[in-house]
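Okay, here's what each chain looks like letter by letter:
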Number of protein chains: 2
Amino acid sequence: MLKPVPLTDVKLTDDFWAPRLETNRTVTIPHAFKECEDTGRIRNFEIAAGQAEGEFEGIYFNDSDVHKMIEAIALDLALHPDPALDQRLDRLIAILAAAQQPDGYLNSYYTLVEPENRWTDLPVKHELYIAGHLFEAAVAHYQATGKRSLLGVATRFADYIDSVFGDDRLVGVCGHEEIELALVKLAEATGEQRYFRLAQWFIDRRGSSDREYCQDHLSVREQSEVVGHAVRAMYLYCAMADIAMRTRDEGLIGALNRLWEDLTLRRMYVTGGVGPSAHNEGFTTAYDLPNDTAYAETCAAIGLVLWSWRMFLLHGRSEYVDVLERALYNGVISGVSLTGDRFFYVNPLASRGQHHRQPWFGCACCPPNIMRLFPQIGAMMYATAVGGSRAAPTTSNDAPAVVGAERALPAVLYVNLYAASEATVQLSGTAVRLTQSTHYPWSGEVKITVRPASEVEFDLRLRIPDWCETASAKVDGEELDAERGEDGYVSLCRTWRPGDTVTLKLDIPIRRIAAHPQVAADVGRVALMRGPLVYCLEAADNEGSVRDMALPRKADLKPEWHPDLLGGVIVLRGKGLRRAQDDRPDLYRPVPDDLKTDATAIPYYAWDHRGPGEMVVWIPEITALADDRGTEEG
Amino acid sequence: MLKPVPLTDVKLTDDFWAPRLETNRTVTIPHAFKECEDTGRIRNFEIAAGQAEGEFEGIYFNDSDVHKMIEAIALDLALHPDPALDQRLDRLIAILAAAQQPDGYLNSYYTLVEPENRWTDLPVKHELYIAGHLFEAAVAHYQATGKRSLLGVATRFADYIDSVFGDDRLVGVCGHEEIELALVKLAEATGEQRYFRLAQWFIDRRGSSDREYCQDHLSVREQSEVVGHAVRAMYLYCAMADIAMRTRDEGLIGALNRLWEDLTLRRMYVTGGVGPSAHNEGFTTAYDLPNDTAYAETCAAIGLVLWSWRMFLLHGRSEYVDVLERALYNGVISGVSLTGDRFFYVNPLASRGQHHRQPWFGCACCPPNIMRLFPQIGAMMYATAVGGSRAAPTTSNDAPAVVGAERALPAVLYVNLYAASEATVQLSGTAVRLTQSTHYPWSGEVKITVRPASEVEFDLRLRIPDWCETASAKVDGEELDAERGEDGYVSLCRTWRPGDTVTLKLDIPIRRIAAHPQVAADVGRVALMRGPLVYCLEAADNEGSVRDMALPRKADLKPEWHPDLLGGVIVLRGKGLRRAQDDRPDLYRPVPDDLKTDATAIPYYAWDHRGPGEMVVWIPEITALADDRGTEEG
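Residues numbered from 1 in each chain as written. Chains lettered and ligands numbered in written order. Predicted model: local features only at pLDDT ≥ 70, side-chain atom pairs only at ≥ 80, totals over all residues. Heavy atoms only, no water.

Caption draft 1: The overall build of chain A, seen in detail. Of the regular secondary structure elements, chain A holds 15 helices and 25 strands. For 634 residues, the compact-globule estimate of 2.2 N^0.38 gives 26 Å, and chain A sits close to it at 25 Å. Buried positions account for 63% of the 634 residues belonging to chain A. In chain A, once contacts between residues fewer than 6 apart in sequence are set aside, the share between residues at least 24 apart is 69%. Entry remark: accessible area of chain A is about 21,900 Å², with carbon and sulfur atoms responsible for 49%. One finds the centroid of the 65 positive side-chain charges in chain A at a distance of 3 Å from the centroid of its 91 negative side-chain charges. (Helix = DSSP H or I, 4+ residues; strand = E, 2+ residues; numbered from the N terminus. Rg over C-alpha atoms; globule rule 2.2 N^0.38 Å. Buried < 20%, exposed > 50% of the residue type's maximum accessible area, 1.4 Å probe, protein only. Contact = heavy atoms within 4.5 Å. Areas by Shrake-Rupley, 256 points an atom, 1.4 Å probe, with all protein chains shown as cover. Lys, Arg positive; Asp, Glu negative; His and termini not counted. Charge placed at Lys NZ, Arg CZ, Asp CG, Glu CD.)

Caption draft 2: Seen up close, the sheet that holds strand β2 (residues 10-12) of chain B. All names here are of chain B. Ordered in space as β2-β6-β7-β8-β13-β10-β11, the 7 strands form an open sheet in which the pairing is antiparallel. Strand pairing shows two members of the sheet lacking a second neighbour, β2 and β11 (478-480), which therefore form its edges. In this sheet, adjacent strand axes meet at a mean angle of 25 degrees when their direction is disregarded. In terms of strand pairing, β2 meets strand β6 (residues 421-427) through 3 bridges, oriented antiparallel. Bridged to Lys-11 within β6 is Glu-422. (Pairing = 2+ DSSP bridges. Axes fitted to C-alpha atoms, helices over the stretch in contact; angles between N-to-C directions.)

Caption draft 3: Seen up close, the pattern of salt bridges. Residue and element names in this part refer to chain A. Tallied over the full model, the rule gives 97 salt bridges over all chains. The partner of Glu-455 in a salt bridge is Arg-497, with the nearest N and O atoms 3.0 Å apart. In this pair, Glu-455 sits in the loop between β8 (445-452) and β9 (456-463) while Arg-497 sits in the loop between β12 (489-496) and β13 (500-506), placing the two residues 42 residues apart along the sequence. Classification of Arg-497 as partly exposed rests on a relative accessible area of 39%. Through salt bridges with shared partners, a single network forms among Glu-71, Glu-136, Lys-185 and Arg-372. (Salt bridge = Lys/Arg side-chain N within 4 Å of Asp/Glu carboxyl O.)

Caption draft 4: Up close: the interface of chain A and chain B. The partner chain B presents 55 residues to the 55 residues of chain A that form the contact. Approximately 4,100 Å² of surface area, both sides summed, lies buried where chain A meets chain B, with 57% of it carried by carbon and sulfur atoms. On inspection of chain A and its partner chain B, the count reaches 1 salt bridge. One salt bridge in this structure joins B:Glu621 and A:Arg579, with 4.0 Å as the shortest N-O distance. Counting across the chain A and chain B interface gives 10 residue pairs in polar contact (both at pLDDT 80 or more). (Buried area = accessible area lost by both parts, 1.4 Å probe. Polar contact = N/O pair within 3.5 Å; in protein donor to acceptor, adjacent residues only side chain to side chain.)

Caption draft 5: Representation of the packing of aromatic side chains. Applying the stated criterion across every chain, the model contains 70 aromatic pairs over all chains. Through successive ring pairs, a cluster of aromatic residues spans A:Phe16, A:Trp17, A:Tyr329, A:Phe374, A:Tyr418, A:Tyr440, A:Trp442, A:Trp467, A:Trp561 and A:Tyr605. Directly above the aromatic system of B:Phe33 lies the positively charged group of B:Arg88, at a separation of 3.5 Å from the ring centroid. The ring of B:Tyr105 carries B:Arg118 above its face, with NZ or CZ at 3.8 Å from the centroid. (Phe/Tyr/Trp six-rings, centres within 6.5 Å; stacked < 30°, edge-to-face > 60°. Lys NZ or Arg CZ within 6 Å of the ring centre and 35° of its normal.)

Caption draft 6: Highlighting the layout of surface pockets. All names here are of chain B. If you add up the space inside the second largest pocket, you get close to 1,200 Å³. Surrounding the second largest pocket, 46 residues form its lining, Pro-4, Val-5, Pro-6, Gln-143 and Trp-309 being those nearest its centre. Secondary-structure elements contributing two or more residues to the lining of the second largest pocket are β1 (3-4), α3 (63-79), α7 (127-145), α9 (179-190), α11 (230-247), α13 (298-315), β4 (382-385) and β6. In the lining of the second largest pocket, the residues fall into 27 nonpolar, 8 polar and 11 charged. Here the lining of the second largest pocket spans two domains, since at least three of its residues come from each of domain 1 (39-198) and domain 2 (409-506). (1 Å grid on protein atoms, 1.4 Å probe; cavity = no way out; pocket = protein on both sides within 12 Å on 5 of 7 lines; lining within 4 Å. Points joined across faces, edges and corners; volume = space filled by probe spheres on them. Nonpolar A, V, L, I, M, F, W, Y, C, P; charged D, E, K, R; others polar. Domains from an automatic or database assignment.)

Caption draft 7: Representation of the side chain of B:Glu114 in the model. All names here are of chain B. Of note, Glu-114 is situated in the loop between α5 (108-112) and α6 (122-125). What makes Glu-114 buried here is its relative accessible area of 12%. For Glu-114, the side chain forms a polar contact with the side chain of Asn-117, separated by 2.6 Å. Apart from residues no more than four positions distant in its own chain, Glu-114 is found in contact with Tyr-109 and Lys-125.

Caption draft 8: Expanded view of the packing of helix α1 (residues 17-38) of chain A against helix α3 (residues 63-79) of chain A. Residue and element names in this part refer to chain A. Viewed as axis vectors pointing N to C, α1 and α3 meet at an angle of 150 degrees, and their least axial separation amounts to 11 Å. In terms of orientation, α1 and α3 fall into the roughly antiparallel class. Where α1 crosses over α3, the handedness of that crossing is left-handed. Facing α1, whose interface residues are Leu-21, Asn-24, Arg-25, Ile-29, Ala-32, Phe-33 and Cys-36, α3 presents Val-66, Met-69, Ala-72, Ile-73, Asp-76 and Leu-79. (Parallel < 35°, antiparallel > 145°, perpendicular 65-115°, else oblique. Left-handed = near helix turned anticlockwise from the far one by under 90°.)

Caption draft 9: Representation of the environment of B:Lys68. Residues and elements named next belong to chain B. By secondary structure assignment, the location of Lys-68 is in helix α3. Put simply, Lys-68 and Lys-474 are 406 residues apart on the chain and 43 Å apart in space, counted from C-alpha to C-alpha. Residues within four places of Lys-68 in sequence aside, it is in contact with Tyr-129, His-133, Cys-299, Cys-365, Pro-368, Asn-369 and Arg-372.

Caption draft 10: Looking closely at the domain arrangement of chain A. When its domains are assigned, chain A resolves into domain 1 (39-198), domain 2 (409-506) and domain 3 (510-625). Measuring from the centre of the C-alpha atoms in domain 1 of chain A to the corresponding centre in domain 2 of chain A gives 40 Å.

Caption draft 11: A look at the relation of the copies chain A and chain B. Overlaying chain A with chain B gives an RMSD of 0.0 Å, the required rotation being 180 degrees about an axis along which the chain moves by 0.1 Å. Here the transformation between the copies is reduced to the relation of a two-fold axis. Judged by C-alpha distance, A:Ile622 is the residue of chain A that lies nearest the rotation axis, at 2.6 Å. Comparing contact sets, 100% of the residues at the interface of chain A also lie at the interface in chain B, consistent with an isologous, same-surface contact. (Least-squares fit on C-alpha atoms with pLDDT ≥ 70 in both.)

Caption draft 12: Spatial organisation of the sheet that holds strand β5 (residues 411-415) of chain A. Residue and element names in this part refer to chain A. Reading across the sheet, the 5 strands line up as β1-β4-β5-β9-β12 and stay open at both edges, with mixed pairing between neighbours. Each end of this open sheet is capped by a strand with a single partner; those strands are β1 (3-4) and β12. Where strand β4 (residues 382-385) lies against β5, 4 bridges are found, and the strand directions are antiparallel. Paired with Thr-384 across the strands is Leu-413, a residue of β5. Sheet strands in contact with helix α13 (residues 298-315) are β1, β4, β5 and β12, and its direction is about 25 degrees off that of β4. Here helix α14 (residues 318-332) sits on the sheet and contacts β9 and β12; the angle it forms with β9, its principal contact strand, is near 50 degrees.

Caption draft 13: Local environment of the environment of A:Arg118. Residues and elements named next belong to chain A. Structurally, Arg-118 can be placed in the loop between α5 (108-112) and α6 (122-125). Sequence spacing of Arg-118 and Gln-358 is 240 residues, and the spatial spacing of their C-alpha atoms is 33 Å. The residues touching Arg-118, leaving out its near neighbours within four places in the chain, are Gln-101, Asp-103, Tyr-105, Tyr-110, Glu-127 and Tyr-160. In this structure the side chain of Arg-118 is engaged in a polar contact, spanning 2.8 Å, whose partner is the side chain of Tyr-160.

Caption draft 14: Seen up close, the packing of α3(A) against helix α15 (residues 366-373) of chain A. Residue and element names in this part refer to chain A. It is at 8 Å that the axes of α3 and α15 come closest, and there the two elements cross at 20 degrees. With respect to their mutual orientation, α3 and α15 come out roughly parallel. Here α3 runs over α15; the crossing is left-handed. Residues Asp-65, Lys-68, Met-69, Glu-71, Ala-72 and Leu-75 of α3 form the contact with α15, whose participating residues are Pro-368, Asn-369, Met-371 and Arg-372. For the contact of α3 with α15, the class distribution of residues is 5 nonpolar, 1 polar and 4 charged.

Caption draft 15: How the structure looks around empty space enclosed by the protein. Residue and element names in this part refer to chain B. Inspection of the entire model under this criterion finds 2 cavities of 30 Å³ or more. Of the voids in this model, the second largest cavity is the one considered here, and its volume is about 30 Å³. If you trace the second largest cavity, you find it lined by Leu-12, Trp-17, Tyr-329, Ile-377, Met-381, Leu-417, Tyr-418 and Ala-419. Across the lining of the second largest cavity, the residue classes tally to 8 nonpolar, no polar and no charged.

Structure representation (structure tokens):
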């Protein structure tokens, strides 16, 4: 099993993520705390605790937003100690503890509204989902502060849930998966294996109904098609992977591999958004990826990041990090404004100008999900394995090899994400400091200085992203073989000395991307990418309209750095075509002329910051015309 | 009011329609008669008449299919006497007469299944709709044969309905409009004005609920937006126009004009299909015209023909016949196979090869609707007005002028549709024989020989279709001004002598059509038309696949006559591009090359005759590229 690096051991110092984490800490978290107060989300607990008068307010799953916010704050405290915030969290946790019932049950909705009906509506009422988010919050709080205040609440609740469900006393599964992955975390943090077994039990119970909506239509080991509510699906697959990487359960691994293939080959937006339909907040049919009506909930993209990360830990292959990076840089961060206080719940890939970020939502799952993801990004930059070789990691479709069985091999350090940062990782008992200097994602040049406490041999594996066709690597000026290995990494296995410097150059051209021809919405269209970033045309840069624009196949596009635009972005500029303005009302008319126009594309994540206006990711493309004389024109 | 020409006074002799009418008579009608027998549709009446044992079989509105078949047979008998068929119809009518209840009620479902519940579920159960189709059948039968057998059944039923609803005794409207237009026909055929008043009453009662689905959400005079079930909408507008042309009711005319504009500028497929959604068999939002999932029910296109015809009679303008012709040559006749025994209920504008005509349907509205339309096509070629001038006809948005007030002006003969044919029309008391020689719709050249019984002055108005940019007209070799008048017609006002020959040349190029830019489904795509015909690419002519094809803007397309293909068609041939085959499964990949390919388009109506295969109407277009050097390439 690959080992992640604790989030406290990585410090982002870059211009891309570090400011976002700072905004998350200083704007988003206070904003969300206020919203949780203003909307009664915290008062619900106070009433349940007998500390306030009133009635339950809001939606029956509102507790979960508070739990997720606590988790976010705790993760943030781990990175950035803040005694005032720590104490504020203590006060909030005290309310939760007071609201906990004598038997360990904690759910303000059921306690206040229908106490007699616990566990009677598992498919709909999110009771176990809410518990799961409490467990995740408790683990984060414990790991960040060492305090057991919330962890005690969580374990009492988990013990109670185990007493209700365990040993088939009550057979049922939650309509919204979450508790499963949370129980694995709780087991890991407490060493209590009963929680892990309960997670397995919940996973194994699925398939008892015909409800595709919550992935309860088939035994998880029989599932091959990604169906239903997208966030639920992602959280289920996370838990399956959590269990599989610990048990090497071949049935689970096979299902995970099939589901991964189904998702990434047939059901994922180019932004890493997943779940095209508002109808079920989820999946439809293969290749159904409409742009204007894309649902692509922010939480679902976050769920994909979480699942991708676990698939990487399970298989040690870069293809999972490729997807993680795709979602992270595009469909996830589009979900929050640069100012940190406005959110997309839905992330369409085209807009007529009517879709805008909102300060909060009645169903407010997305903002705290963003909040709790940001502090975890540093921890996804690296992973280690205690020993391995080029041949050892499993391929995703084969039975797993037992990594770590060959002790003699050097330890492995995976470098997954690139960003200016400082980190310390433990390799073969030696602390290794790693300093990344880079302007990634704007530049593909990355300098990594390796400073082991003492000389140590290990296999430094540098991820060559799927979008990169040409890469070179030097160590202390010496050109090395930068061939991407079968697992997607360049392997630099050597004895590392303090101050050794790796220079990785990833070629980072502007790329035109086509979708699979079965994706009807994208036929004849291209998306522009540079590095991990998906670009879009937005009206603000393009004379007020972009839905009438097209790109010639061979039109040159050039990157331009704009430090003062949208927090600092590289825009792509070139010549496009614009359908001649034609105000006639006719439904059918002669084909209008196309006129030359300047085209400017910005990173997708940064759209909707400059007032209402059209936006498109997939741009009609005008291909070169091979004419009758056999020459290529255009 | 413009006056139609009786269908018996026009005889089609052409290669396009005459064979279709013959197939309709010799294949479709017998096929449908057998289906009506085999599916219990006729036995239901026999059981209700006490002539057979058993229970009602099928859907509660199945009577209407029999009524529509009777109408079709009657119209056909008018054109083509057939004593055997006439007698068979007499026997069927005798069964209906026997099934009629003593009070005049006739509906086999209610009589057999829930006799106590008459008129209790008007929104859903189609009771008045079914009656309406009976009335239309009865009028057609009476006019074709002079027999009053079915007309008596109809008037007894209509009298009974009037006694139930008239003078607000029961206030309600049918969920599926039809009776309103049928009552106008019945009033016209019998001279009984009560029926006309009842039709007005049903029209005026609408708007009593919030049911957009059946256009009952607003008073008809307040309606501006085409909503709900498409066939219902078309039939309602037909009745509104029937009443408006007789009463010159300005409120109705205003509503009709607004609804017409909404339909034809925002909600109509290029094929004349209407109603994009399967969900409500009807309308959605403006410009929502998806191709693969287009519902575009055959009955709705027929309904549009019927409404267009009435709008023409109301306003005397060619724009209505333009739409009539568009629907007729494309979205209507696509509904029946060339063999006459297979039917589309749904007429998509793109297919992956899974959509095929069927022999019959459980809900079998479409086949008999086609059957009853074909015999009426000849009657839509001409219309007359007792007097008028260039200025006299109303424009569609102004208050109506009273046509016919200026007796001194010569009579007007409108020539709307072009097809080889013989006709006799009455103009100022003189019978005028008209012979059209043409290969329309394949050719735009039309020779019309005028043979009045004696010299007579009249204003011959030749419709210049909206698709024709250049036309010329000669009379006996003398070139005349062929300027399209404000009403869309070339006016040739003169004293006509026997043998005068008009030669009309309509320029008939291959046209590339764009959709309004708001039609998301058609952005970057073109449709090909030639004359009134919409073309499509079908796999059978294009190496087995067409969804990967594109057309360069300037690629030459040439018409080619293929007498043995699909009943004889002009195909369009040229060079297209085909996206290079790329079997990789990747969802996102580099843009593939485009390869030259031959492209062959066939008329849309003729698709799905050569086995399953892809089809597209809207083809991605590759526009000419204006490059940086300012030259046009491509």
